[in-house]
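Secondary and tertiary structure notes
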Amino acid sequence: MKFTDIFIRRPIFSVCISLMLLLLGFNALKDMQVRQYPEMTNTVITVTTGYYGADANLIEGFITQPLEQAIAQADNIDYMKSSSELSKSTITVQMKLNTNPNDALAGILAKVNSVRSQLPKEAEDPTVDISTGSPTSIMYIAFSSDVLNSSQITDYLERVIKPQLFTISGVAKANLYGGIPYAIRIWLDPKRMAAFNLNAEEVNQVLQANNYQSAIGQTNSYFTLMNGTADTQASSVSNLKDLIIRNTKGSVIRLGDIAKVNLNKSHDVYRAIVGGKEGVVIAIDVTPNANPIIVAKAVRKLMPDLQRNLPSTIKMKIQYDSSQAINESINEVIQTIIEAAIIVIVVISVFLGSLRAVIIPVVTIPLSLIGVILLMSIFSFSINLMTLLAMILAIGLVVDDAIVVVENVHRHIKMGKSPFKAAINGTREIAMPVITMTITLAAVYSPIALMGGITGSLFKEFALTLAGAVFISGIVALTLSPMMCSKMLKVQTSPNLFEQNIERCLAWLSQKYDRVLCNVLNKRGVILVFAALVMVSLPLMFKQIPTELAPKEDNGVVIMVAKAPSNVNLDYIQANMSLVEKIISNQEGTLEPLTMVGVPSSNQAFGISPLLPWSQRDKSQKQINKLLSKQVKEIPGVAVTTFQLPELPGAGGGLPIQLVITSTASFENLFAIGSSVLEKMKHSPLFVYSDIDLKYDSATLRLRIKKDLAGAYGVTMKDIGSTLSTFMSDGYVNRVNLTGRSYEVIPQVIRKLRENPEALANYYVKAADGRFIPLSSLIDAKVVTAPKSLPHYNQLNSISISAVNAPGTSMGDAVKYIENLANTELPKGYSHSYLGEARQYINEGSALYLTFLLAIAIIFLVLASQFESIRDPLIILISVPLAISGALMALDWAHLAGLASLNIYSQVGMITLVGLITKHGILMCEVAKEVQITQGLSRIEAIKYAAAVRLRPILMTTAAMIAGLIPLLNAVGAGAAARFNIGLVIVAGLSIGTLFTLFVLPVIYSYIAQQHEALLKVDD
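Quantities reported herein were computed from a predicted structural model and do not represent experimental measurements. (Residues numbered from 1 in each chain as written. Predicted model: local features only at pLDDT ≥ 70, side-chain atom pairs only at ≥ 80, totals over all residues. Heavy atoms only, no water.)

1. What about the overall build of the protein?
Along its length, the protein carries 31 helices and 30 strands. Expressed as lengths along the three principal axes of its C-alpha atoms, the size of the protein is roughly 125 × 75 × 65 Å. A buried classification covers 56% of the 1020 residues belonging to the protein. Sequence separation of 24 or more characterises 80% of the internal contacts of the protein that already satisfy a separation of 6 or more. The positive charge centre, built from 84 side chains, and the negative charge centre, built from 76, are 3 Å apart in the protein. (Helix = DSSP H or I, 4+ residues; strand = E, 2+ residues; numbered from the N terminus. Buried < 20%, exposed > 50% of the residue type's maximum accessible area, 1.4 Å probe, protein only. Contact = heavy atoms within 4.5 Å. Lys, Arg positive; Asp, Glu negative; His and termini not counted. Charge placed at Lys NZ, Arg CZ, Asp CG, Glu CD.)

And the structure:
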């Protein structure tokens, strides 16, 4: 091909093309965004509806089901789950990946509003929140004080800190944990109310009528306006105390006569423990399309201003920042890129010997890496762990084409030609193989770019970045490299000692290879049997290797979830979690833990234990997690499990493995089936922890009203319900304005008067004749067990079994066991699904296998068009299973040490291996084809000649690629496991695959290769 001549004849033109790539790449770099992963939108919408005092069954029937039926009609819903419990309905809607969050929010909000009129009028309006569904927030900021209580701290945070945090772009929510907002608490005295002939309904009516928010408008005279305001609302605690409840014949009864009124906690539902003391924590969540790194950086930038204005009585500290692990991981990868480049340069220097020859392929590295940033910018890619990983692999790849050009030109120089003539002839000779190799390697990634789901979102930028780098390296190899060869390579009559030694070693290696290859071709049957055995063994090796979606990384944090008996309060959980905190504090390598009591549900606790940076601790996150898991199990009061964060975004909250069983059957039947499955899982060694979310262990006070007796007294069901709701629930009746903030007004009896069923004797209702009847005389109280919450999944009754797989147990093995268990244990009418990391594994675990086959098909078509043959591409692709066998052998060995598995990273490594190993076959078969056409050689003679000629470039490119991946095998920190997996597959597969290719491919070629002849010429 003669088009390369122009670049050799016009050196300034060649240099300008490369400098243009360099300048445009640097210009694009300054605007590139840095992220952990490629941008993907995980949208979770939560609809929460409060109905104070309502039991779970009432919430389920009158709130959850109408809302679910409406929400299910929205577009792009992946799944929907809900929980109906005392006083609250929570519906969580997981949208499909990359759904527009604003459209999703608007759609669901419209569906919620469409059924608002069907909900009980006493229920609060549903609140709709949007988030990413991550199990943790991106940052936790702790506030504590030795003087102020948690509610006082919360009041300051609500007024001063939260408004400033919401000025940061990308902040979706700033959740407060541990601090309960203030409310005006009215502690009613039922006996004094009865003595004054007052019932609960009358008190509520007076509060609503005399604490009234009025909007009186303005006066309007001929020329002036005056805005009007009227103090119809209580403006202080004393105002409420003095509120007149009744005035009978000059006898005034005020609220203070029948209740104690004070400013106190509204609802004691959350607590936070920071450093062994109660505090308040702000958890910052980002919007679905925000960049956590940028948001965390902006929060840290704001911290000095917050600290400067903070009262001296409040202490502030960033307790956990997830972006730190991300930034350290990115820095590690950047360092790996530098290390890989240095190692590749050293290896090339050893093979080429001459400094002049080394410079030519080395120049390709910065040109390709900077040039590909221009392509990344055009496609709106970001600098993230995946694109940086692509650049690491690219370092060994981009020098390949230049090495092949330099080696071929150098070969022509040794034949006696001038450097200029050698560059012309050598580049013409090698141009087509270089183009074919570039197209082949770029084409192998095209199926990945077309994938959907989280795997496609993750690896699209990886694939196109790597393909782009290879494409640019091909341009450089055919434009700049030939020109540099013509200018820099010299005819050396007296090479130096180092070059002589290198040449001597390579010549000796070539002679040995030629001799061994001749022996192999004389015993081709043995080689065929060997190749057949290797291919037959592939399925067996695949089965031996454990599978998972992604390997566990060291993210510098351990997560804890504790579950207490359903009937205990926050004091009980807090006391037990203090013991957990002591265990963590005594563990080497951990930092101060953070615990939130009452999260995610009232009988649970959620904890975060940040770890020291990797360089400052001896134990890995996996080791610390294992130690903590063993120690916290000894705490008898609560069941605590420790686990690591999900490796990929979009897994959602909860434990790694969540089996959801659904049915239209009753919750009692679901509980029986779920308990049976749970019992078998508990006896399996595959799991260290398992539990269900539906339990009949919550003490429920069931009241049976004597309706005939109540009717005889003239007491209505509304009277009884209103009395119970006012005295026992903590629902608010209205709000008051105190110093510019609104606070709920909550009437209730003191805790002592609602501790047990006997307290009902202190409650009174008003009969038709004006007498006050003890409520206990109209009610039979019975304590029964019932579920704390009633869960749904996709509108069906459900029970979820959550589990943590044991150390050494892969996600694939755990899911396979559960799948077999579900198929045998679930009767007709019951179905199952998965949540958490298990759902990701089910949906994505085998996605790359089809992509692998598609990549091979694309390469076959590219090669068939290049060689104008069906047979030659088949010969070249013979090397693929040989290389895969090497990769599987390495994975099989590494998994015994717990270092590797068959996951999406190792699978992408195998797809990369397809492109790499076929380059060897292309180099050999292209030469064999040419000598068959030009010299009329037989197939055996042609492949022997081609193997001898292409041995050096094959060894050099293989060595360069392997050398560039050595830093991946020594990776540490977050993302190290992924880099190790992909590096191990390519290094092992390429090493063993190259060895097999050098001997097996010539044998296969000698049998089935096409006897090439020159294409027929047609006269014009």
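2. Some remarks on the side chain of Ser729
Note that Ser729 resides in the loop between α23 (717–728) and β23 (734–738). One polar contact links the side chain of Ser729 to the main-chain carbonyl oxygen of Ser725, over a distance of 2.5 Å. With residues up to four places along the chain from it excluded, the contact list for Ser729 reads Tyr52, Gly53, Leu724, Pro747 and Gln748. (Polar contact = N/O pair within 3.5 Å; in protein donor to acceptor, adjacent residues only side chain to side chain.)

3. Overview of the packing of aromatic side chains
One pass over the full model with this rule turns up 13 aromatic pairs. Taking 6.3 Å as the distance between ring centres and 80° as the angle between the ring planes, the aromatic pair formed by Tyr445 and Phe462 counts as edge-to-face. In this pair, Tyr445 is assigned in the loop between α14 (419–443) and α15 (446–449) and Phe462 in helix α16 (residues 453–488), connecting sequence segments 17 residues apart. Comparing Tyr445 with Phe462, the two get one shared label, buried. Ring centres of Phe530 and Phe996 lie 5.1 Å apart, and the angle between their planes is 80°; this geometry places the pair in the edge-to-face category. Highlighted residues: Phe530 in helix α18 (residues 524–544) and Phe996 in helix α31 (residues 976–1008), separated in sequence by 466 residues. We classify Phe996 as buried; its relative accessible area is 14%. An aromatic cluster of three or more residues is present, and its members are Tyr445, Phe459, Phe462 and Tyr905. Across from the ring centre of Tyr732, 5.1 Å away, lies the NZ or CZ of Arg735, which sits over that ring. (Phe/Tyr/Trp six-rings, centres within 6.5 Å; stacked < 30°, edge-to-face > 60°. Lys NZ or Arg CZ within 6 Å of the ring centre and 35° of its normal.)

4. Here's the deal with the sheet that holds β23
Read across the sheet, 4 strands follow the order β12-β7-β24-β23 without closing on themselves; strand pairing throughout is mixed. The outermost strands of the open sheet, each flanked by one partner alone, are β12 (259–265) and β23. Put simply, the sheet's adjacent strands are angled 30° from each other on average, direction ignored. Where strand β7 (residues 182–188) meets β12, 7 bridges bridge the pair, whose relative direction is antiparallel. If you follow Ala183 over to β12, its bridge partner there is Asn264. Against the sheet, helix α5 (residues 150–165) makes contact with β7, β12, β23 and β24 (741–749), and its axis sits at roughly 155° relative to β24, the strand it touches most. (Pairing = 2+ DSSP bridges. Axes fitted to C-alpha atoms, helices over the stretch in contact; angles between N-to-C directions.)

5. As for the pattern of salt bridges
The tally for this structure, following the rule as stated, stands at 27 salt bridges. One salt bridge in this structure joins Asp146 and Lys277, with 2.9 Å as the shortest N-O distance. With a gap of 131 residues between them, Asp146 in the loop between β5 (139–144) and α5 and Lys277 in strand β14 (residues 277–286) connect regions that are remote in the sequence. Classification of Asp146 by relative accessible area gives exposed; the value is 60%. Residue classification places Lys277 among the partly exposed residues on the basis of a relative accessible area of 39%. One salt bridge in this structure joins Asp146 and Lys315, with 3.8 Å as the shortest N-O distance. One end of the pair, Asp146, is in the loop between β5 and α5; the other, Lys315, is in strand β15 (residues 315–321), with 169 residues separating them in the sequence. (Salt bridge = Lys/Arg side-chain N within 4 Å of Asp/Glu carboxyl O.)

6. Observations concerning the environment of Arg741
Note that Arg741 resides in strand β24. Placed 582 residues apart in sequence, Arg741 and Arg159 show a C-alpha to C-alpha distance of 8.3 Å. When neighbours within four sequence positions are excluded, Arg741 is seen to be in contact with Glu158, Arg159, Pro163 and Val736.

7. Quick word on the pairing of β23
Only one face of β23 is covered, namely the one carrying Asn734, Val736 and Leu738; the face carrying Arg735 and Asn737 has none of its residues buried. Of the pairings in the sheet, the one linking β23 to β24 comprises 5 bridges and is antiparallel in character. When the bridges of β24 are listed, Asn737 appears paired with Ser742. The antiparallel hairpin formed by β23 and β24 contains 2 residues in its connecting segment, where Thr739 sits at a positive phi of about 45°.

8. Here we look at helix α10 (residues 292–308)
Along its 17 residues, α10 runs 25 Å from first to last C-alpha, staying within 8% of the 24 Å computed at 1.5 Å per residue. The largest bend along α10 measures about 30° and falls at Leu302, with the proline Pro304 one to four residues further on. Those residues of α10 that fall on the buried side of the exposure criterion are Ile293, Val295, Ala296, Val299, Leu302, Met303 and Leu306. Close packing links the buried residues of α10 with β5, α5, β6 (171–177), β14, β15 and α11 (322–352). The residue sitting at the N-terminus of α10 and contributing the capping side-chain oxygen is Asn291; that oxygen lies 3.1 Å from the backbone nitrogen of Ile293. (Expected span 1.5 Å × (residues − 1). Bend = angle between axes of the 7 residues up to and from the residue.)

9. Details of the state of the cysteines
Summed over all chains, the structure comprises 0 disulfides. The closest cysteine sulfur to the non-disulfide-bonded Cys485 is located on Cys16, 19 Å from its own sulfur. Look at Cys485 and you get buried, because its relative accessible area is 0%. (Disulfide = S-S within 2.5 Å.)

10. Focus on the environment of Gly371
Within the fold, Gly371 resides in helix α12 (residues 355–378). The spacing of Gly371 and Ile472 is 101 residues in sequence and 6.9 Å in space, taken between C-alpha atoms. Beyond its immediate stretch of four places on either side in the chain, Gly371 contacts Leu21, Pro366 and Ile472.

11. Some points on the packing of helix α30 (residues 939–969) against α31
Across the interface, α30 lies against α31 with an axial gap of 10 Å and an inter-helix angle of 175°. Overall, the two elements α30 and α31 adopt an arrangement that is roughly antiparallel. By residue class, the composition of the contact of α30 with α31 is 21 nonpolar, 5 polar and 2 charged. (Parallel < 35°, antiparallel > 145°, perpendicular 65-115°, else oblique. Nonpolar A, V, L, I, M, F, W, Y, C, P; charged D, E, K, R; others polar.)

12. Quick notes on the domain arrangement of the protein
The domain architecture assigned to the protein consists of domain 1 (495–544 + 868–1019) and domain 2 (557–697 + 790–834). Centre-to-centre separation of domain 1 and domain 2, based on C-alpha positions: 46 Å. (Domains from an automatic or database assignment.)

13. Observations regarding unusual backbone geometry
The residue after Val599, namely Pro600, is reached through a cis peptide bond having omega 0°. Within the fold, Pro600 resides in the loop between β17 (594–597) and β18 (604–610). Its identity is not glycine, yet Ser87 carries a phi of approximately 75°, on the positive side. Mapping Ser87 onto the fold places it in the loop between β2 (77–85) and β3 (88–95). According to the relative accessible area criterion, Ser87 is buried, its value standing at 16%. Not every positive phi belongs to a glycine, and Asn794 is a case in point at roughly 50°. Secondary-structure assignment places Asn794 in the loop between β28 (789–793) and β29 (796–805).

14. Focus: the pairing of β17
Of the two faces of β17, both are covered, the one formed by Leu594 and Met596 as well as the one formed by Thr595 and Val597. Inspection of the sheet shows strand β13 (residues 271–274) paired to β17 by 4 bridges, in the antiparallel sense. Within β17, the residue paired with Arg271 across the bridge is Val597. Bridge count between β17 and β18: 4 bridges; the pairing is antiparallel. Paired with Thr595 across the strands is Gly607, a residue of β18. Linking two consecutive strands that pair antiparallel, namely β17 and β18, is a turn of 6 residues; a positive phi of about 90° is found at Gly598 within it.

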